Amino acid sequence: MRFGMPWPGRDVGREAEQAGAVAFCAGEFADHDAYLTVADIVAHTEHALAGPAIAYAFARTPYAHATALRQLHARAPGRLFLGLGSGAFRINRDWLGVPADRPVDRIAETVGAVRAWLHAENGERVRYAGEFHALDADVRAPVLGRLDIPVLLAAFNSRMAATAGRVADGVVGHGLFTGSWWNEVVRPAVERGRGGHGPEGPRPLEHGWIITAVDDFAPERALADARRMIAFYLTVRTYDPFVAHHGWEEPVARLRAAFRTGDTEGMERAVTDEMLTEIAVCGTTTDAKEALARRTGSLPRDVGYFAPPSFMVGRGRRAAYARASLALVGAVPDGPCAESGDAA
């Protein structure tokens, strides 16, 4: 695994690239746009990979995803990847105002339609025919040309992971992922989705978020922030198969009850030591390095994004966590990394 980060801003970002970060990713929410953040990344880095991890797949048309990537490619050729996520049902329905049913089928077609635009050569019609997307574009201006930008899918449960294996170049793992979830659920599903690709085909890429909170001066606060982040994620019922897989139903029921009443301390207390150990990298720098060494075989194979907790954590403390995580570079032996055009 190689070291990456969610974009921490240009100052820490420059330090991180100099320290050995090979990739920066951009998420999105109601107050920040993935592609605008990627534009900031490529403007203030020199070599690192950059891309959404993730962009909401249905917030934009395939055309909009592809044109953003084409414009970014002109500034950072060979450095881009695209991570797409289906987004929660309520976000699609209530925030975006788009159909929220059948997200797995929709995102599979979205990948195909985005690739139709990215792979389009000058002088050829851009065509794609599916249930949800239909393209037949005659672009007369010579502004196209094939771009082989890797497409990854945020794949939490097995069906989405299998779809990633079938239609995408790899997966983006969630910050909750444990070794057993990677090894017993996600990776086998990706391989099932690959089907007839065979062992001679390219190995699916693995990027993944890792909840990381390092503070040598206040390690207990770092542990508390990591616990609250885990608790906040586990309020989402989409992750119930993950909870059942680990036998964590009872603490998750308690943290959800605390969440309903706004009891953040109760949420924190409900996260067990086992959950914290299996999911997060936190505490002192020494604690974090020991955790990474222990989890060498259970991290994303290509890029791990050391992600500071964000739930009830201010920007200043997030920046401090990001800077502290630079001390972890090299704590995991280097593995294969998604290098630009070789990643597809």
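For the structure, check the block above.
Reading guide: rules and limits
Residues numbered from 1 in each chain as written. Predicted model: local features only at pLDDT ≥ 70, side-chain atom pairs only at ≥ 80, totals over all residues. Heavy atoms only, no water. Helix = DSSP H or I, 4+ residues; strand = E, 2+ residues; numbered from the N terminus. Contact = heavy atoms within 4.5 Å. Phe/Tyr/Trp six-rings, centres within 6.5 Å; stacked < 30°, edge-to-face > 60°. Buried < 20%, exposed > 50% of the residue type's maximum accessible area, 1.4 Å probe, protein only. Axes fitted to C-alpha atoms, helices over the stretch in contact; angles between N-to-C directions. Parallel < 35°, antiparallel > 145°, perpendicular 65-115°, else oblique. Left-handed = near helix turned anticlockwise from the far one by under 90°. Nonpolar A, V, L, I, M, F, W, Y, C, P; charged D, E, K, R; others polar. Salt bridge = Lys/Arg side-chain N within 4 Å of Asp/Glu carboxyl O.

Some remarks on the environment of Pro6
Phase 1: Following the sequence through the fold, Pro6 ends up in strand S1 (residues 2–6).
Phase 2: Expressed as a C-alpha distance, the spacing of Pro6 and Leu205, which sit 199 residues apart in the sequence, is 18 Å.
Phase 3: Ignoring anything within four residues of it in the chain, the contact list for Pro6 reads Cys25, Trp209, Tyr305, Phe306 and Ala307.

Thoughts on the packing of aromatic side chains
Phase 1: By the definition in use, this model includes 13 aromatic pairs.
Phase 2: Consider the rings of Phe156 and Phe177, whose centres lie 5.2 Å apart with planes at 75 degrees: the pair is edge-to-face. Placement of the pair is Phe156 in the loop between strand S8 (151–154) and helix H6 (158–167) and Phe177 in the loop between strand S9 (170–173) and helix H7 (179–194), with a sequence separation of 21 residues. By the burial criterion, Phe156 is buried, and Phe177 matches it.
Phase 3: Ring centres of Phe232 and Phe311 lie 4.4 Å apart, and the angle between their planes is 10 degrees; this geometry places the pair in the stacked category.

Section: the packing of helix H3 (residues 62–75) against helix H5 (residues 103–118)
Phase 1: Across the interface, H3 lies against H5 with an axial gap of 8 Å and an inter-helix angle of 45 degrees. In this view, H3 runs oblique relative to H5, as classed from their interaxial angle. Crossing hand, H3 versus H5: right-handed. Together, Pro62, Tyr63, His65, Ala66, Leu69 and Arg70 of H3 and Ala113, Val114, Trp117 and Leu118 of H5 make up the contact between the two elements.
Phase 2: Counted by class, the contact of H3 with H5 contains 8 nonpolar, 1 polar and 1 charged residues.

Digging into the pattern of salt bridges
Phase 1: Considering all chains together, one arrives at 28 salt bridges under this definition.
Phase 2: Between Asp138 and Arg125 there is a salt bridge whose closest N-O contact spans 3.7 Å. One end of the pair, Asp138, is in the loop between strand S7 (134–137) and S8; the other, Arg125, is in the loop between H5 and strand S6 (126–129), with 13 residues separating them in the sequence.
Phase 3: Owing to a relative accessible area of 36%, Asp138 belongs among the partly exposed residues under this scheme.
Phase 4: Here Asp138 makes a salt bridge to Arg140, at a shortest N to O gap of 2.6 Å.
Phase 5: What you see here is one network of salt bridges that share partners, running through Arg125, Arg127, Asp136, Asp138 and Arg140.

Description of unusual backbone geometry
Phase 1: Cis peptide bonds are those with omega within 30 degrees of zero, and the linkage from Ala53 to Ile54 qualifies with 20 degrees.
Phase 2: Following the sequence through the fold, Ile54 ends up in the loop between strand S3 (49–52) and strand S4 (55–56).
Phase 3: Of note in this structure, Arg102 is not a glycine but carries a positive phi near 50 degrees.
Phase 4: Inspection of the secondary structure assignment puts Arg102 in the loop between helix H4 (89–96) and H5.
Phase 5: Using a relative accessible area of 37% as the deciding quantity, one classes Arg102 as partly exposed.

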